[in-house]
Amino acid sequence: MTDHSTAALDTALAYHRAWTSKDFELAMTYIAEGIVCQAPAGRLEGAEAFRAFMGPFAQILTHSQLIAAFGDDRTAVLMYAADTVPVNDAPGAECLTVTDGKISHLRIIFDRTPFTAARQQGGQVLDALPGNRSNALSGAGEDPGT
């Protein structure tokens, strides 16, 4: 009999459940201090940069449904449907690497186009986000780490 560990999948799902249920502080407990996040707007390094990027998105999330989740002891892949205040139907996918029980690398894929359009059409919701991280969502920022 083969022992198949799903430790990374378990961690990824716990993280996903936390941020999609508006408990971003709990979600951050699954994030390694030195996380590297590759997002459409660029590379982010460190837990605080990740918090500044993902926290505002979690705040505007209105609904999320997990479509698929696969993983093993080190890597997990999640695909989900997301609705946000400015954009309905904003699907995303994440490939997460887990080291010592924490997410150490996250590659997130989503289409920035509808967020850019919402911002250009008077995106007060995006502009009102703490830290104005709408640039990361729209890709309009020069430096995704600021």
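Predicted, not measured: the structure shown is a model, and the values here were computed from it.

The rules behind these values
Residues numbered from 1 in each chain as written. Predicted model: local features only at pLDDT ≥ 70, side-chain atom pairs only at ≥ 80, totals over all residues. Heavy atoms only, no water. Helix = DSSP H or I, 4+ residues; strand = E, 2+ residues; numbered from the N terminus. Buried < 20%, exposed > 50% of the residue type's maximum accessible area, 1.4 Å probe, protein only. Pairing = 2+ DSSP bridges. Axes fitted to C-alpha atoms, helices over the stretch in contact; angles between N-to-C directions. Contact = heavy atoms within 4.5 Å. Polar contact = N/O pair within 3.5 Å; in protein donor to acceptor, adjacent residues only side chain to side chain.

Colleague: Please set out unusual backbone geometry residue by residue, giving values where relevant.
Modeller: Here the phi dihedral of Lys 22 falls at roughly 75°; this positive angle occurs in a residue that is not glycine. Not every positive phi belongs to a glycine, and Asp 89 is a case in point at roughly 60°. Within the secondary structure, Asp 89 is located in the loop between strand S4 (75-84) and strand S5 (92-99). The class of Asp 89 is exposed, set by a relative accessible area of 58%.

Colleague: A description of the sheet that holds S5 should follow, citing residues and the corresponding values.
Modeller: The strand order across the open sheet built from six strands is S2-S1-S6-S5-S4-S3, with neighbouring strands paired in mixed fashion. Where the open sheet ends on each side, the last strands, each with one partner, are strand S2 (42-45) and strand S3 (61-71). Taking each pair of neighbouring strands and ignoring which way they run, the sheet shows an average axis angle of 20°. Here S3 pairs with S4 via nine bridges, running antiparallel. Pairing of Gly 71 across the sheet is with Ala 76, part of S4. Contacts from helix H3 (residues 47-60) reach strand S1 (31-39), S2, S3, S4, S5 and strand S6 (102-110), with the element oriented near 65° to S1.

Colleague: Got a sec to walk through the side chain of Ser 104? Specific residues and values, please.
Modeller: Along the chain, Ser 104 falls in strand S6. At 2.9 Å, the side chain of Ser 104 forms a polar contact with the side chain of Thr 99. In this structure Ser 104 touches Ala 32, Gly 34, Ile 35, Val 36, Thr 97, Val 98 and Thr 99, once residues within four positions along its chain are discounted.

Colleague: Describe the pairing of S1, with residues and values.
Modeller: In this sheet, S6 lies alongside S1 in parallel orientation, the contact comprising four bridges. Residue Gln 38 lies in a different strand from S6, and its bridge partner there is Arg 107. As paired elements, S1 and S2 share four bridges and run antiparallel to each other. Paired with Gln 38 across the bridge in S2 is Arg 43.

Colleague: Break down the side chain of Thr 97 for me, citing the residues and quoting the values.
Modeller: Relative to the helices and strands, Thr 97 resides in strand S5. Given a relative accessible area of 16%, Thr 97 falls into the buried group. Among residues more than four places away in sequence, those in contact with Thr 97 are Arg 74, Lys 102, Ile 103, Ser 104 and His 105.

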